[in-house]
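Residues per chain, in single letters:
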There are 2 protein chains.
Amino acid sequence: MNFDPTDQDIVVNADELREFASQLYQEVGVPKTDANAVAHLQVETDLRGIHSHGTRALPGYVRGILAGNINPTPNLEITRDGPAFARVYGDRALGHVAGKFSMELAIEKAKTAGIGAVGAYTTNHFGAASCLAMLPLEHGMIGFSTSTSSRGVAPYGGKTRVVGNNPFAYAVPAKTEPPIVLDMACGVSAWGRIGTMRLYGKKLEPGWVLDEDGKETDDPNKARVLLPLGGPKGYALALAMDALSGPLTGMGATVNKKGDLPLDKQGSGLFFYALNIESFVPLDEFTEEIDREIHELRSSPPADGFDRVYFPGELEAMKQEQWSADGIPLHRDHLKGLADLATELGVPVFWQG
Amino acid sequence: MNFDPTDQDIVVNADELREFASQLYQEVGVPKTDANAVAHLQVETDLRGIHSHGTRALPGYVRGILAGNINPTPNLEITRDGPAFARVYGDRALGHVAGKFSMELAIEKAKTAGIGAVGAYTTNHFGAASCLAMLPLEHGMIGFSTSTSSRGVAPYGGKTRVVGNNPFAYAVPAKTEPPIVLDMACGVSAWGRIGTMRLYGKKLEPGWVLDEDGKETDDPNKARVLLPLGGPKGYALALAMDALSGPLTGMGATVNKKGDLPLDKQGSGLFFYALNIESFVPLDEFTEEIDREIHELRSSPPADGFDRVYFPGELEAMKQEQWSADGIPLHRDHLKGLADLATELGVPVFWQG
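Described in the following lines is the structure provided in the data block. It should be emphasised that the depicted structure is a prediction, and the values quoted were computed from it without experimental measurement. (Residues numbered from 1 in each chain as written. Chains lettered and ligands numbered in written order. Predicted model: local features only at pLDDT ≥ 70, side-chain atom pairs only at ≥ 80, totals over all residues. Heavy atoms only, no water.)

**Topic: the overall build of chain A**
Of the regular secondary structure elements, chain A holds eleven helices and 14 strands. Its C-alpha atoms put chain A at 50 × 50 × 50 Å along the principal axes. Sorting the 353 residues of chain A into buried and exposed places 62% on the buried side. A separation of at least 24 residues holds for 68% of the contacts in chain A among residues at least 6 apart in sequence. Carbon and sulfur atoms form 48% of the exposed surface of chain A, whose accessible area is close to 13000 Å². (Helix = DSSP H or I, 4+ residues; strand = E, 2+ residues; numbered from the N terminus. Buried < 20%, exposed > 50% of the residue type's maximum accessible area, 1.4 Å probe, protein only. Contact = heavy atoms within 4.5 Å. Areas by Shrake-Rupley, 256 points an atom, 1.4 Å probe, with all protein chains shown as cover.)

What follows is the structure in structure tokens.
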């Protein structure tokens, strides 16, 4: 596998990017601890190659703070609380801040209850679902995360933007191998990925999107309506994920978000659970079984055009390892967005090019 | 929508089918309460149009009991127990029996803990995932169910039967509308559906299956390897569902099930959770939001070739209503399988044709 930069990329050091990102957040009033936490999760996302959901989203978040839509100093409040559940009022926090708080609460509950389920409302975009789902891993737990979305996907049998492209993630610990990590949305693609393909001037695959007339197109610039993954399956998955993150947290269903919304109904609802493996079986028994599974997958015969079979999350872990050492290749337009913002805020840019 | 019988179907009364199915189970030693429960779930499955997973599976289950692989009188045992979790030893029970027991335990735990997560091991096929996921609905809860599977799906980038086609379901209550129900497996199709298409002499769609040489085929008789839904997404979903139902319950990963297995590692691992809506938000607020969502979906413009947009579970609910009144159309080969078994067991057949 080749994770080397293209001629449109600039390679940046992960630690420097983390420090830089944190400074930008602090510059607009985010307390240092929160700024570091968000910067850490976003650079982790870049390191895993999910560029659409990492620091590329940072300027949007910071401008959201400057516009008064995102609260840099939220008072997160637990408004419902019980043995294995909680509901968290996000006070228009950055999604990463409310998300990390909620998942850590879920982890605490899972330690004694076996599972902890926590919903957060009145908060914002949480980046890559996987980076929050992975927080329970170091506690010997399985993590799950999902979020509401905006109306952008056609229902199965429909042709307009009605359903969300609700992202969700599962993270499952192995023993000596990297974790198995699922990170997906319910459309055929993610909007962020379509943006990345626009950035690199690539065509979309057939069956991905409709244009504004409800006709299929392969031009990322004309993409208006995403199609659901596998028709009825992706459609149903989106509604299930939305029920957990929207109606259950009190944030409301994505499908119902039309017209002007009050400030507390804008943004995202988030839902998490952490599942304590030791409650069910000895942790080593579990993680050794996952290791065996990974070896079995790797040794299975590849299809034509593939060098071998990878497990979900493996390529991301390989990128993370290589890019932590060698630097992260980021598209120059991605870095230009960060540089423009830094200049506005008086923060020095640390890369050349 | 037309749910009328084809010329290959025979229409049977649901109550009579339920009574007949229960008698067949009792005939091979299943206690009356369990026999009624399994028959009820299987006829419910037929009523919802999921014929591949309803009474068509009954002869296989009964022959499994006669062969000694399925235990008609299991001692279900709670081997791990806590505030929001439990692990259930299935003693080679019918999957419906262990599944209903486990989900009911999850519901009890969710009443106080907010969520209850229960895994069952050393049990068997539980039929349609949705019929168990729907049990929490009448308690004002969201239900989730999943199961291990057999090696039948190619990993993304592979071409042989390595991964399971793990089924899973979510059920979400509405107020005046039927529930939103997702019921899917992680392959492009379910093996049962391929069996149904073989029964009706239909061709498979492109991209569904590979033959024994790893080449694509549209002939249901040549189908040997299922492809995962949406490539890497279905592949990752299968492994996530499997981690919950296999390694977490102690049943082991489907991917690792090769060669001869000890009796207690044959069959299925099952995983369920019930999520108590009232722990998070007032139940009426939640269900009214889901009703609004359903109305919004129904009123969205249909794509070419569709009469209108349906929500997931809506067609199933419509079938259930119509067929409860008018009878269930079942393929004559499906009924012949039941009739042959009934003749062997000395149980009278109640339908003509």
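There is more to say, and it comes next.
**So, the sheet that holds strand β2 (residues 77-81) of chain B**
Residues and elements named next belong to chain B. Sheet architecture is open: seven strands sit in the order β2-β3-β4-β13-β5-β8-β9, paired in mixed fashion. Looking at the sheet topology across the chains shown, the edges are occupied by β2 and β9 (180-184). When strand polarity is set aside, the average angle formed by the axes of neighbouring strands in this sheet is 15°. Of the strand pairs in this sheet, strand β4 (residues 115-123) and strand β13 (residues 268-276) are connected by seven bridges, and their pairing is antiparallel. Note on β13: the bridge partner recorded for alanine 120 is leucine 270. In the packing of helix α9 (residues 283-298) onto the sheet, the strands contacted are β5 (141-147), β8 (168-172) and β9, and the crossing angle to β9 comes to about 75°. (Pairing = 2+ DSSP bridges. Axes fitted to C-alpha atoms, helices over the stretch in contact; angles between N-to-C directions.)

**Quick word on the pattern of salt bridges**
The final tally for this structure, using the stated rule, is 28 salt bridges over all chains. With a closest N to O distance of 3.0 Å, B:Lys336 and B:Asp340 form a salt bridge. In this pair, B:Lys336 and B:Asp340 are both assigned in helix α11 (residues 332-345), four residues apart and thus about one turn of the helix distant. We classify B:Lys336 as partly exposed; its relative accessible area is 49%. The class of B:Asp340 is partly exposed, set by a relative accessible area of 37%. Three or more residues joined by partner-sharing salt bridges are found here, namely A:Glu177, A:Arg298, A:Arg308 and A:Glu314. (Salt bridge = Lys/Arg side-chain N within 4 Å of Asp/Glu carboxyl O.)

**A few points about the sheet that holds strand β13 (residues 268-276) of chain A**
Pairing within the open sheet is mixed, and its seven strands lie in the order β2-β3-β4-β13-β5-β8-β9 (chain A). Here the strands that pair on one side only, and so sit at the sheet edges, are β2 (77-81) and β9 (180-184) of chain A. Across the sheet, the mean angle from the axis of one strand to that of its neighbour is 15°, orientation sign disregarded. Pairing of strand β5 (residues 141-147) of chain A with strand β8 (residues 168-172) of chain A involves four bridges; the strand directions are antiparallel. By the bridge assignment, A:Gly143 is partnered in β8(A) with A:Ala171. The strands touched by helix α7 (residues 232-245) of chain B are β5, β8, β9 and β13 of chain A; relative to β9(A), the strand with the most contacts, the crossing angle is about 130°.

**Looking at the relation of the copies chain B and chain A**
In screw terms, the move from chain B to chain A is a rotation of 180° and a rise of 0.0 Å along the axis, fitting with an RMSD of 0.0 Å. What the superposition gives is, in effect, a two-fold axis relating one chain to the other. Counting the interface residues of chain B, we find that 100% of their copies in chain A are interface residues as well, pointing to one common contact surface. (Least-squares fit on C-alpha atoms with pLDDT ≥ 70 in both.)

**Describing the packing of aromatic side chains**
Residues and elements named next belong to chain A. This model, assessed by the stated rule, comprises 27 aromatic pairs over all chains. Here the aromatic rings of phenylalanine 20 and tryptophan 351 are separated by 5.2 Å at their centres, their planes lie at 80°, and the arrangement is edge-to-face. Here tryptophan 351 lies in the segment after α11 (332-345) and phenylalanine 20 lies in helix α1 (residues 14-27), a separation of 331 residues in the sequence. Both residues of the pair, phenylalanine 20 and tryptophan 351, count as buried. Summarising the aromatic geometry, the rings of phenylalanine 350 and tryptophan 351 are spaced 5.1 Å apart at their centres and angled 90° between planes, so their arrangement reads as edge-to-face. Taking NZ or CZ as reference, lysine 202 lies 5.9 Å from the ring centre of tyrosine 200, over its face. (Phe/Tyr/Trp six-rings, centres within 6.5 Å; stacked < 30°, edge-to-face > 60°. Lys NZ or Arg CZ within 6 Å of the ring centre and 35° of its normal.)

**With respect to the interface of chain B and chain A**
The interface of chain B with chain A comprises 82 residues on the first partner and 82 residues on the second. At the boundary of chain B with chain A, total buried surface from both sides reaches about 6400 Å², with 69% on carbon and sulfur atoms. Taken as a group, B:Lys233, B:Leu248 and B:Phe280 account for 12% of the area that chain B buries against chain A, more than any other trio of residues on that side. Summed over the shared surface of chain B and chain A, the number is four salt bridges. (Buried area = accessible area lost by both parts, 1.4 Å probe.)

**Considering the packing of helix α3 (residues 58-66) of chain A against α11(A)**
Helix packing geometry: the angle between the two helix axes and the distance between the axes. Residue and element names in this part refer to chain A. It is the contact of α3 with α11, at a shortest axis distance of 9 Å, that shows an interaxial angle of 35°. Judged by residue contacts, Leu58, Pro59, Val62 and Arg63 of α3 engage Gly337, Leu338, Leu341, Glu344 and Leu345 from α11. In the contact of α3 with α11, the residues fall into six nonpolar, one polar and two charged. (Nonpolar A, V, L, I, M, F, W, Y, C, P; charged D, E, K, R; others polar.)

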